[in-house]
Amino acid sequence: MIALFKALQILIVLSVLVIVHELGHFAFAKLFRIRVDKFYLFFDAGGFALFRFKPRKSDTEYGIGWLPLGGYCKIAGMIDESMDTGHLKHEPQPWEFRSKPAWQRLLVMAGGVLFNFIFAIILYAGILAGWGESYIGNDGNSIYVNELAYDMGFRTGDRILAFDDYVPENFGMLQADLARRSVGKATVLRDGDTLDIYIDRNMIGEVLNSPGMFQLAVPFVIDTVPPSSVNSGRGLAHGDRIVAIAGRPVEFVQDSRQLLMDHAGSEVPVSVVKGNDTVLTAMQVDTTGRLGVLTQIPGIKTHRYSVLSAIPAGFRMAFNTIGGYIMDLKLVFTPSTEAYKSVGSFIAMGQIFPSYWDWYALLSITALFSIMLGVMNLLPIPALDGGHIVFTLYEMLTRRKPGDKFLIGAQIVGFILLFGLIILAFGNDIGRLMR
């Protein structure tokens, strides 16, 4: 049931984004009086469609195809993914794409990407106005490392001060920053001393495929004890700090997990610091290996925005996301990083969506995917908008228009590349499921 619910969310989000993208092409085509023959959500492969209609006095047929792999806007006089070359048998008409100046054709091609970015900005502005922005700050917080981070030279309790000349602000982005920026040197604070850790860039591929490299090292400081807790009424108070369990030192919450599992369903002696005193008390461990207390999360930063202030903040968030995704693509196309192994398909997308309806999560994911769709379409692959944009820019610079046969051949090459990318994505997902 959860899988079906996630699949429904994917279908809704991708459908909205396809409509927004194609609407960008449609809007600029209409602006320059170019005829649009079809505007479809999904593909009507073989001429079959779930729904179609054509308004009176309109040249455009609107519909929903049966093959849910995107959508398209068929612009008259253009060599596109439909591979329809019937218009080449006739002289160019004034309402055709090929008859328009290069700068107009460029805007028509860039319209989809532009609308995706504008849509993401609107979504981010709405999210910031409605929920604000919350994240765990990096300043003053310590890392809890996994095996890979340990092998690279990091230690639990380190505070990361800088990656090369970049000072990280968001703790949750530390691992992404390390990979995206191809960091050569990390400066950390350890036991009161500042030291440099030199990063082997050949390990970036492992960084991309090792989740949880830098967890937040959470001190075991109690925030609240719920009334339903197995340790309710045992004298625990806000600010108390657990420093030992069953005689074993505990500095961070993560240090306690295995200890508590070993004593699941029983009482254990626990050392608790209350103010300036350390007291020994007995606490109950429930059957899941937990004490039933809520701990304080250090360094949470929250920014609230008015509707007006959310607009420039939405621009900032969108452009930061675009920059981050471009860095990710750079890693994917750098074979030595093995980042191509992290490329995923709809299966990987499904893991991002929540298993229940959450407007904040859904809007955030939609904004992210809108940017991903926009950036991907800017790749200079002939079957994508980026390929058409490159050919049009070439024409504007050289005043020589690529030939129709060349454009048809380029589309075929582009399709081959895209199918290769799809096979890679599904292959990676299947490999991960098998593992």
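Quantities reported herein were computed from a predicted structural model and do not represent experimental measurements.

**Considering the UniProt feature "transmembrane region" (unreviewed entry) in the chain**
Logical step 1: Look at the UniProt record and you will see "transmembrane region" (unreviewed entry) annotated at residues 6-28, 106-131, 359-379 and 406-426.
Logical step 2: The span residues 6-28 is 100% helical and 0% strand by assignment, and the distance between its end C-alpha atoms comes to 34 Å.
Logical step 3: What you have in residues 106-131 is 100% helix and 0% strand, and the ends, taken at the C-alpha atoms, are 37 Å apart.

**Brief notes about the packing of helix α2 (residues 102-131) against helix α9 (residues 359-377)**
Logical step 1: Following both chains from N to C, one finds α2 and α9 inclined at 155°, their axes separated by 8 Å at the closest point. Relative to α9, the element α2 lies roughly antiparallel. As α2 runs across α9, the sense of the crossing is left-handed.
Logical step 2: A per-class count over the contact of α2 with α9 returns 16 nonpolar, six polar and no charged.

**Section: the pairing of strand β1 (residues 36-43)**
Logical step 1: With six of eight residues buried, β1 is to be regarded as a mostly interior element.
Logical step 2: Note that β1 and strand β4 (residues 67-75) share six bridges and pair antiparallel. If you follow Lys38 over to β4, its bridge partner there is Lys74.
Logical step 3: Alignment of β1 against strand β3 (residues 61-65), held across four bridges, turns out to be parallel. Within β3, the residue paired with Tyr40 across the bridge is Gly63.

**Focus on the environment of Trp357**
Logical step 1: Here Trp357 lies in the loop between α8 (346-352) and α9.
Logical step 2: Residues Trp357 and Gln9, spaced 348 residues apart in sequence, show a C-alpha to C-alpha distance of 8.9 Å.
Logical step 3: In this structure, Trp357 is in contact with Phe5, Gln9 and Leu362, ignoring residues within four places of it in sequence.

**Here we look at the sheet that holds strand β15 (residues 277-284)**
Sheet strands line up and pair through hydrogen bonds in the backbone, either parallel or antiparallel.
Logical step 1: What the four strands build is an open sheet, ordered β13-β12-β14-β15; its pairing is antiparallel. With partners counted over all chains shown, the strands left at the sheet margins are β13 (248-249) and β15, one partner each.
Logical step 2: Bridge analysis of strand β12 (residues 241-245) against strand β14 (residues 267-274) gives four bridges, and the strand direction is antiparallel. Within β14, the residue paired with Ile245 across the bridge is Val270.

Rules behind the numbers
Residues numbered from 1 in each chain as written. Predicted model: local features only at pLDDT ≥ 70, side-chain atom pairs only at ≥ 80, totals over all residues. Heavy atoms only, no water. UniProt positions renumbered as here; feature names shortened; annotations may be inferred. Helix = DSSP H or I, 4+ residues; strand = E, 2+ residues; numbered from the N terminus. Axes fitted to C-alpha atoms, helices over the stretch in contact; angles between N-to-C directions. Parallel < 35°, antiparallel > 145°, perpendicular 65-115°, else oblique. Left-handed = near helix turned anticlockwise from the far one by under 90°. Nonpolar A, V, L, I, M, F, W, Y, C, P; charged D, E, K, R; others polar. Buried < 20%, exposed > 50% of the residue type's maximum accessible area, 1.4 Å probe, protein only. Pairing = 2+ DSSP bridges. Contact = heavy atoms within 4.5 Å.

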